[in-house]
Amino acid sequence: MTRLFAQHVKRTVTSLNGAWKLMPDFDGVGEAQEWNKSLPEEARTVIVPSVWNNEPDLFHHFGICWYQKDIFTAGGNLLLEFGAVSGYAKVYFDGELLGDHYGGFSAFRFAHTAPEGAHRITVYVDASSNSQTIPLPYVDWYHYGGIIRDVELSTLPAVYIDLCHYDYTLSEDRTYAQLTATVTLCAFEQKSVPLTFTFDGKDAAKAEVTVTPDKPTTVVLGPIAVEHIRLWDIYKGNLYSVGVYTCCDDLYDRIGFRKIEVVGQEIHLNGRPIFIKGVNRHEEHPDWGFAVPPQLGKRDVDVIKGMHCNAIRGSHYPNSRVFLDLLDEEGLIFWSEIPLWGYPADRMADEVVIQRSLTMHKESAEHYYNHPSIVIWGLTNECATNTNEGRAFSILLADYMRAHGGNRLITFASNVIEWDICLDLVDVVSVNKYIGWYGEDVNGWKKFIPWLRTRLTEAGVPDKPIILSEYGAAGLYGYTSFDGNKWTEEYQASLLKGVTELCIAEPGIVGTYPWQYCDIRSENELNRARSFNNKGIVNEHRQPKLAYYALKELYGKLD
Ligand code: ADA
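Definitions and limits used
Residues numbered from 1 in each chain as written. Predicted model: local features only at pLDDT ≥ 70, side-chain atom pairs only at ≥ 80, totals over all residues. Heavy atoms only, no water. Helix = DSSP H or I, 4+ residues; strand = E, 2+ residues; numbered from the N terminus. Rg over C-alpha atoms; globule rule 2.2 N^0.38 Å. Buried < 20%, exposed > 50% of the residue type's maximum accessible area, 1.4 Å probe, protein only. Contact = heavy atoms within 4.5 Å. Areas by Shrake-Rupley, 256 points an atom, 1.4 Å probe, with all protein chains shown as cover. Lys, Arg positive; Asp, Glu negative; His and termini not counted. Charge placed at Lys NZ, Arg CZ, Asp CG, Glu CD. Salt bridge = Lys/Arg side-chain N within 4 Å of Asp/Glu carboxyl O. Disulfide = S-S within 2.5 Å. Near = heavy atom within 4 Å. Polar contact = N/O pair within 3.5 Å; in protein donor to acceptor, adjacent residues only side chain to side chain. Nonpolar A, V, L, I, M, F, W, Y, C, P; charged D, E, K, R; others polar. Pairing = 2+ DSSP bridges. Phe/Tyr/Trp six-rings, centres within 6.5 Å; stacked < 30°, edge-to-face > 60°. Lys NZ or Arg CZ within 6 Å of the ring centre and 35° of its normal. Domains from an automatic or database assignment. Buried area = accessible area lost by both parts, 1.4 Å probe.

### A word on the overall build of the chain
Okay, step 1: Regarding its fold elements, the chain presents eight helices and 32 strands.
Okay, step 2: Against the compact-globule benchmark of 24 Å for 559 residues, the chain has a radius of gyration of 24 Å, which places it among compact chains.
Okay, step 3: Along the first, second and third principal axes, the C-alpha atoms of the chain reach 70 × 60 × 45 Å.
Okay, step 4: Residues classed as buried in the chain amount to 61% of the 559 residues present.
Okay, step 5: Within the chain, contacts between residues separated by at least 24 positions form 72% of all contacts whose residues are at least 6 apart in sequence.
Okay, step 6: Total accessible area on the chain is roughly 21,100 Å²; 52% of this is exposed by carbon and sulfur atoms.
Okay, step 7: Charge-centre separation for the chain: the mean point of 51 positive side chains lies 5 Å from the mean point of 72 negative side chains.

Shown next as structure tokens:
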């Protein structure tokens, strides 16, 4: 996968990005007509990763498409990996089903054995949505479908390394750590292999492991002692190279040592209170959909850092690993979530939705575990957390992420703060509010911000820190006027400035995430001008609006 460092040295990995055949299946006939074996002749060539909606005739196609690629491999034990497929995916190898995957923004893989020669990979992608999908049909972004991240084929030895999580405990003074590597190995045939844990370029611990093909084997190496630690911190992307290897396979990663915790009404990073100077960002661009190139991610980081932000919320879905790598390096804080956007009570009681939600959070915890930049897990966004169904659902998700998500804070973004009954479940209370845009007069903010603590006290959680996780106004790029009316850049800039100032001055408010970094494509039904959500601080081409300079000045003063 595209990362900022090499994950493998011994493993042979071939990129399957590039030309694939694409065939839209408007009438759902592909399975009956065995497209898993061969696509019709009129299938077109597309470049993967991409979204099919950027094909001129497929803009409004929210259903099924099939992808196919003919490959040549030296054969043996293979691992076929997808960085992400937006939609429900079924993967076929030479016409035979390898497996399926639900969840549009996370990586998945299938192991398979095949002889040397020519083979065919086919992927069925269903990007349609209904009352049981995540996301639901009604969202405020575009339902792009496609193979949106890298595809790779690796050749594996009999025993291979599937996953490795690194855990550590820090000494009181945070200069020393005890570090372990928890390694999951899989096998095509029973075998013993020597396993080495390497830290900062030096072998640190070893074990002999026997792995059988029936199930993955997990082994813990270490703890090893790490002294004179350079902590990972805001704007200090201090990273250490870590890895595990056997005779014939390896997996490298990077970690950062840091400690995040809530102390009274504050969030402490490495023992120090922080103020989160955030921004909400969709990983989206009209030319690329969700398949944004890493170069754009880098540009976004530069623009966001240029605004003196120290944090990004990945609204509303898991972001690409390469983007998280950038944040790890820059020392920027990340809030990661899954697209549980606007679920009403009955949907949160639906067993299919529950299982899908748990799986998607599980995949985030599993794949993103080692990224120091992920400091917050967002469980849901604007769901009915004012209902018993919402509470039962939130408990399930919070318990899972607390048990498996590493040293991170748990939150969800509430738009029902007045009636929310889940506030006790989180480490930090996050509030979405659009006073001054939808309905109420902009002056309402002056009452609302100090009232939040009163509300928390009434809800029985008087001491939790608070984040304003969304607020904003649309400003049409280039539309400026002395009248300062809604939709002008002036109105947007003044609202964001005013609310951010109120939050900074309010004790117990520990962070702000204005909505939103850049303009994004949205659905027509939401009555959005240009069919875009125009609340971007920069437009979709990353050109700054007045709000950019207003926030830059405010956030800059806190550096
Ligand atoms: C919500 C939602 C965002 C966006 C925003 C808006 O808070 O979480 O995704 O839709 O409203 O612009 O209205």
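### Details of the pattern of salt bridges
Okay, step 1: Across all of its chains, the model carries 35 salt bridges by this definition.
Okay, step 2: For K298, the salt bridge goes to D302, with nearest N and O atoms at 2.9 Å. Taken together, the residues K298 and D302, both in helix α1 (residues 294–306) and four residues apart, mark about one turn of the helix.
Okay, step 3: Accessibility expressed as a relative area gives 39% for D302, which makes it partly exposed.
Okay, step 4: Note that R313 and E337 form a salt bridge whose closest N and O atoms lie 2.9 Å from each other. In this pair, R313 sits in strand β24 (residues 311–314) while E337 sits in strand β25 (residues 333–337), placing the two residues 24 residues apart along the sequence. Grouping residues by exposure puts R313 and E337 together as buried.
Okay, step 5: Linked by salt bridges that have partners in common, R149, R281, E283, D300 and R542 make up one network.

### A short note on the environment of I267
Okay, step 1: Mapped onto the elements of the fold, I267 is located in strand β21 (residues 266–269).
Okay, step 2: Assessed through its relative accessible area of 1%, I267 is described here as buried.
Okay, step 3: Sequence separation between I267 and G508 is 241 residues, and the spatial gap between their C-alpha atoms is 9.4 Å.
Okay, step 4: Contact partners of I267, with chain neighbours within four places excluded, come to I260, E261, V262, R272, P273, I274, I276, L409, V428, P465, I467 and V510.

### Some words on the environment of F108
Okay, step 1: With respect to the helices and strands, F108 occurs in strand β9 (residues 108–114).
Okay, step 2: Classification of F108 as buried rests on a relative accessible area of 6%.
Okay, step 3: Along the chain, F108 and E363 lie 255 residues apart, while their C-alpha atoms are 8.9 Å from each other.
Okay, step 4: Every residue in contact with F108, bar those within four places of it in the chain, is listed here: L80, E81, F82, V85, A89, V91 and H101.

### Side note on the state of the cysteines
Okay, step 1: Scanning the entire structure with this criterion turns up one disulfide.
Okay, step 2: The partner cysteine of C247 in its disulfide is C248, sulfur to sulfur 2.5 Å. Given an S-S torsion of about -90°, the disulfide between C247 and C248 has left-handed geometry.
Okay, step 3: By relative accessible area, C247 is classed as partly exposed at 43%.
Okay, step 4: Lacking any disulfide linkage, C518 is separated from the closest cysteine sulfur, that of C309, by 13 Å.

### Regarding the site of the ligand
Okay, step 1: Of all residues adjacent to the ligand, which total 13 residues, the nearest are D140, E382, Y438, E470 and K535.
Okay, step 2: At a separation of 2.4 Å, an oxygen atom of the ligand approaches a polar side-chain atom of Y438.
Okay, step 3: Here R528 contributes a side-chain N or O atom positioned 3.4 Å from an oxygen atom of the ligand.
Okay, step 4: Relative to its unbound accessible surface of 320 Å², the ligand loses 95% to contact with the protein.
Okay, step 5: Among the residues making up the shell around the ligand, the classes are represented as four nonpolar, four polar and five charged.

### Comments concerning the pairing of strand β7 (residues 88–93)
Okay, step 1: In terms of burial, β7 is a largely internal element, five of the six residues being buried.
Okay, step 2: Pairing between β7 and strand β10 (residues 117–126): six bridges, direction antiparallel. Residue pairing in the sheet places A89 in a bridge with V125 of β10.
Okay, step 3: Note that β7 and strand β8 (residues 96–101) share five bridges and pair antiparallel. Note that in β8 the partner of V91 across the bridge is G99.

### Some details on the packing of aromatic side chains
Any two aromatic rings considered together are summarised by their centre-to-centre distance and by the angle between their planes.
Okay, step 1: Scanning all chains against the criterion turns up 31 aromatic pairs.
Okay, step 2: Relative to Y67, the ring of W20 has its centre 6.5 Å away and its plane inclined at 80°; by these criteria the two rings are edge-to-face. Separated by 47 residues along the polypeptide, W20 in strand β2 (residues 18–24) and Y67 in strand β4 (residues 64–73) bring together distant segments of the chain. Each member of the pair, W20 as well as Y67, is classed as buried.
Okay, step 3: For the ring pair Y160 and F188, a centre distance of 5.6 Å and an interplane angle of 40° mean the geometry is tilted. Taken together, the residues span a long stretch of sequence, with Y160 in strand β13 (residues 159–170) and F188 in the loop between β14 (177–187) and β15 (191–199) at a distance of 28 residues.
Okay, step 4: The structure contains a cluster of three or more aromatic residues connected by ring pairs, namely F59, F62, F105, Y138, W141, Y142, Y144, F290, Y317 and W341.
Okay, step 5: Above the face of the Y124 ring, K90 is positioned so that its terminal group lies 4.8 Å from the ring centre.
Okay, step 6: R530 extends its terminal NZ or CZ atom over the ring of F532, reaching a point 4.3 Å from the ring centre.

### What about the sheet that holds strand β20 (residues 260–263)?
Okay, step 1: Strand order in the open sheet made by the three strands is β20-β21-β22, with antiparallel pairing throughout. The open sheet has two edge strands with one neighbour each: β20 and β22 (272–273).
Okay, step 2: Bridging between β20 and β21 involves four bridges; their strand directions are antiparallel. Residue pairing for β21: V262 is matched across the bridge by I267.

### Quick look at the domain arrangement of the chain
Okay, step 1: When its domains are assigned, the chain resolves into domain 1 (12–156), domain 2 (159–248) and domain 3 (262–556).
Okay, step 2: The C-alpha-based centres of domain 1 and domain 2 are spaced at 32 Å.
Okay, step 3: Taken residue by residue, the interface counts eight residues in domain 1 and four residues in domain 2.
Okay, step 4: For the domain 1 and domain 2 pair, buried surface summed over both sides reaches about 450 Å², with 63% attributable to carbon and sulfur atoms.
Okay, step 5: By the criterion of area lost to domain 2, the three top residues of domain 1 are N77, R109 and L156, representing 70% of everything that side buries.
Okay, step 6: Note that D162 is salt-bridged to R109, the shortest N-O span being 3.0 Å.
Okay, step 7: The interface formed by domain 1 and domain 2 holds one residue pair in polar contact (both at pLDDT 80 or more) in total.
Okay, step 8: Contributing elements (two or more residues each) for the side of domain 1 that touches domain 2: β5 (76–82) and β9.
Okay, step 9: Residues of the side of domain 1 that touches domain 2, tallied by class, amount to four nonpolar, three polar and one charged.

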